[in-house]
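Observations on chain architecture
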Amino acid sequence: MREFSQTELLLELEPVVAGELDRHHKVAKEWFPHEYVPWSEGREFDGVLGGEAWVENDSKLPEEARVSLIVNLLTEDNLPSYHYEIATAFGRDAAWGTWVHRWTAEEARHGAALRDYLTVTRAVDPVALERARMFHMEEGFTNSYEGVLHSLAYVSFQELATRISHRNTGRASGEPNCERLLARIAADENLHMLFYRNLLDAAFKLAPSQTMRAVTDVVTTFQMPGTGIEGFSRKAMIIANAGIYDLRLHIDDVLMPVLRQWAVFDMKDLDGEGEKAREELAEFLARLEVSASRFVERREARRAREAARS
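Structural notes, computed from the coordinates. Given the structure is predicted, the values throughout are model-derived calculations rather than measurements.

The rules behind the values
Residue positions within a chain follow its written sequence, with the count starting from 1. Per-residue local features of the predicted model are confined to residues with pLDDT of at least 70, and side-chain atom pairs are confined, for both listing and counting, to 80 or more; whole-chain, interface and lining totals are unaffected and use all residues. Here the side-chain values reflect all heavy atoms present in the structure, with hydrogen atoms and water set aside. Helix and strand assignments follow DSSP, with helices taken as H or I runs no shorter than four residues and strands as E runs no shorter than two, numbered in order from the N terminus. Relative accessibility decides the category of a residue: with a 1.4 Å probe and only protein chains considered, values under 20% of the type maximum give buried, values over 50% give exposed, and everything between is partly exposed. Any N or O atom pair separated by 3.5 Å or less is treated as a polar contact, with the protein-specific requirement of one donor-capable and one acceptor-capable atom, and with residues adjacent in sequence counted only for side-chain atom pairs. Every residue pair with non-hydrogen atoms within 4.5 Å of one another is taken to be in contact. Only buried Ala, Val, Leu, Ile, Met, Phe, Trp, Tyr and Cys residues count toward a nonpolar core, and they belong to the same one when joined by side-chain atoms within 4.5 Å. Here a helix's expected span is defined as the number of its residues, less one, multiplied by 1.5 Å. Salt bridge, as applied in this entry: a Lys or Arg side-chain nitrogen positioned within 4 Å of an Asp or Glu carboxyl oxygen.

Here we look at the side chain of threonine 211
- Within the secondary structure, threonine 211 is located in helix 8 (residues 208-221).
- Among the residues examined, threonine 211 registers a relative accessible area of 0% and is labelled buried.
- Separated by 3.1 Å, the side chain of threonine 211 and the backbone oxygen of alanine 203 make a polar contact.
- Ignoring sequence-local partners within four residues, the contact set of threonine 211 consists of Leu149, Leu200, Ala203 and Phe204.

Thoughts on the environment of histidine 24
- One can find histidine 24 in helix 1 (residues 6-27).
- Between the alpha carbons of histidine 24 and alanine 95 there is a distance of 12 Å; along the sequence they are 71 residues apart.
- Filtering out sequence-adjacent residues up to four positions away, histidine 24 remains in contact with Trp99, Arg102, Glu106, Leu191 and His192.
- In terms of polar contacts, histidine 24 uses its side chain to reach the side chain of glutamate 106, at 2.8 Å.

Digging into the nonpolar core
- Ranked by internal contacts, the top residues of the largest apolar core, which has 86 residues, are Leu152, Phe157, Tyr196, Leu200, Val215, Leu259 and Trp262.
- Here this core takes 14 residues from helix 7 (residues 176-206), the largest share from any one element.
- Not counting residues within four places of it along the chain, the set of residues in contact with phenylalanine 157 comprises Val215, Val218, Val219, Phe222, Val254, Leu255, Val258, Leu259 and Trp262.

Brief notes about helix 11 (residues 272-309)
- In a regular helix each residue adds 1.5 Å, so 38 residues correspond to 56 Å; helix 11 covers 56 Å between its end C-alpha atoms and thus fits that length.
- Residues of helix 11 that are buried: Gly274, Ala277, Arg278, Leu281, Phe284, Leu285, Leu288, Ala292, Phe295 and Arg299.
- Contact partners of the buried residues in helix 11: helix 8, helix 9 (232-241) and helix 10 (247-262).
- For helix 11, the N-terminal cap is aspartate 271; the gap from its side-chain oxygen to the backbone nitrogen of glutamate 273 is 3.1 Å.

Considerations on the pattern of salt bridges
- Here the structure, examined in full by the defined rule, presents 20 salt bridges.
- Linking glutamate 280 and arginine 213 is a salt bridge whose minimum nitrogen-to-oxygen distance equals 3.0 Å. Pair noted here: glutamate 280 is in helix 11 and arginine 213 is in helix 8, with a separation of 67 residues, a long-range link.
- Across the pair aspartate 252 and arginine 248 runs a salt bridge, and its minimum N-O distance is 2.8 Å. Taken as a pair, aspartate 252 and arginine 248 lie in helix 10 at a separation of 4 residues, close to a single helical turn.
- Here arginine 248 falls in the buried class, since its relative accessible area comes to 18%.
- Each of the salt bridges in this network shares a partner with another, and the network as a whole consists of Arg43, Glu52, Asp58 and Arg122.

Next up, the structure:
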């Protein structure tokens, strides 16, 4: 089974991109970030306009929701780097280029809406947030995968993971306006996931073994794009302990639904290298399942101890 070059993959998949772009335009709903922000709650902060300095009890949100909102917003802030990466991987010609710019335009709404909401509601310290933004954007983001198939595999999982994170953060906030905004953002992320997932499904039909290798490489090394955020490990643990996004959700709500959609464990037309990649994937998922179960058990035991003490 021959291996396709990157140029061949782009050319062969371009009609699929065009079709998915048409579908996306039909189902994507126009929305306006300003409509999701409770502007009447806003007031000046200290500084140039001489308002009031932010204090901890200004925020109505639980700590875990605030931490997750900050991580989600800082992740969205790195959009210039993401645009560069996908424009480099997919190009700016024909349907590929149209999609790259459409995706970027839609994603730009997310950061704008989140920052306006957090600032107006005084949900987070705006000075600390701006410093964190500067740090994270100066670090930038570099795609650790090369090639069309690896890039498509990564965004197929990453867009769904982002959707889950936004949706669960909204629920954890306990604040109707926050939940409404994050549900709207999550709907965008879901459409982006469908676009990429359908593209990779076509890639499986075109080059099954080559695509299987890409999927295995991505699943076994997957990291969210926000890992470069300062203090990310501590923030991720807070988010996981709150059940907003953890290893159990990563397997059950992100990895397995997409892998089942592609029917990776039912494919019959893999060559030796493709079979090897699929075996590696199955072995990794089995190990990941053990880790996820242990994490949930430890979390439940800790919650039980805390409940007994209270």
